[in-house]
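Each chain is listed here by its residues.
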Amino acid sequence: VFQRQATNLSASTDNDKEQSRPPGWLSLWSLERVANFRDASGPDMLAPYRCEGGFLKQGVLFRTGHWVTATAADLHILRDTLHIKTYLDLRNGQDFESVDAECFDDYPPSPNGRHDASWPREAGERRRVSCPFSKGLQPRPLQEMAQVGEIDPDDK
């Protein structure tokens, strides 16, 4: 039975992570512990999302939850079946987001600094690239109209 733990699951052994999937868990690629993995080209392989100039190419860009709970089987699929080379990590690396895990042996550097002394990997090699896009973002101040509950017609 799947149990939510107070700390991250990456600190457990691979055998501990081989728990059954949570109810309603869906994965087109049979990933066991990587949540919400999907192709960014869209959910329907026969109808990829349109973009300027055509369609998004399938099997190139994926979106997913955190990889720290990935099992050895999950990493095999990501690495050897889907041939993912670069893991763009958009998290800000704070709290549970900065934990170390087995996935960072294949996709270094670990956000906890374990690989700080290593040379950065080049494009084409398996690697993690940190892009904390939300770090330092703040909400903009309310405009006068918004403060009184009105919406500025020019606010798009």
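Structure first, text after, so check above.
Residues numbered from 1 in each chain as written. Predicted model: local features only at pLDDT ≥ 70, side-chain atom pairs only at ≥ 80, totals over all residues. Heavy atoms only, no water.

**Observations regarding the overall build of the protein**
For step 1, the next point in the chain: Along its length, the protein carries four helices and six strands.
For step 2, the next point in the chain: Each helix and strand of the protein, placed in order from N terminus to C terminus, yields the pattern α-β-β-β-β-α-β-α-β-α.
For step 3, the next point in the chain: Out of the 156 residues belonging to the protein, those deemed buried represent 28%.
For step 4, the next point in the chain: Once local pairs closer than 6 in sequence are excluded, the contacts in the protein between residues at least 24 apart make up 51%.
For step 5, the next point in the chain: Carbon and sulfur atoms make up 54% of the accessible area of the protein, which amounts to about 11000 Å² in all. (Helix = DSSP H or I, 4+ residues; strand = E, 2+ residues; numbered from the N terminus. Buried < 20%, exposed > 50% of the residue type's maximum accessible area, 1.4 Å probe, protein only. Contact = heavy atoms within 4.5 Å. Areas by Shrake-Rupley, 256 points an atom, 1.4 Å probe, with all protein chains shown as cover.)

**Focus on the environment of Trp29**
For step 1, the next point in the chain: With respect to the helices and strands, Trp29 occurs in the loop between helix H1 (14-17) and strand S1 (38-39).
For step 2, the next point in the chain: Judged by its relative accessible area of 17%, Trp29 falls in the buried class.
For step 3, the next point in the chain: Sequence-wise, Trp29 and Leu82 are 53 residues apart; in three dimensions their C-alpha atoms are separated by 9.1 Å.
For step 4, the next point in the chain: Setting aside residues no more than four positions away along its own chain, Trp29 makes contact with Phe37, Arg38, Asp39, Phe62, Ile77 and Leu82.

**Considering the nonpolar core**
For step 1, the next point in the chain: Core analysis: the largest hydrophobic core is formed by 19 residues, its most contacted members being Phe37, Trp67, Leu78, Leu82 and Ile84.
For step 2, the next point in the chain: The set of elements that each furnish at least two residues to this core consists of helix H2 (72-81) and helix H3 (103-106).
For step 3, the next point in the chain: Residues in contact with Leu82, not counting those within four places in the same chain, are Trp29, Phe37, Phe62 and Ile77. (Core = buried A, V, L, I, M, F, W, Y, C linked by side-chain atoms within 4.5 Å.)

**Side note on the pattern of salt bridges**
For step 1, the next point in the chain: The final tally for this structure, using the stated rule, is seven salt bridges.
For step 2, the next point in the chain: In this structure, Arg79 and Asp106 form a salt bridge, with 2.5 Å as the shortest nitrogen-oxygen distance. Of this pair, Arg79 sits in helix H2 while Asp106 sits in helix H3; the two residues are 27 residues apart in sequence, bridging distant segments of the chain.
For step 3, the next point in the chain: Between Arg126 and Asp106 there is a salt bridge whose closest N-O contact spans 3.8 Å. In this pair, Arg126 is assigned in the loop between H3 and strand S6 (127-130) and Asp106 in helix H3, connecting sequence segments 20 residues apart. (Salt bridge = Lys/Arg side-chain N within 4 Å of Asp/Glu carboxyl O.)

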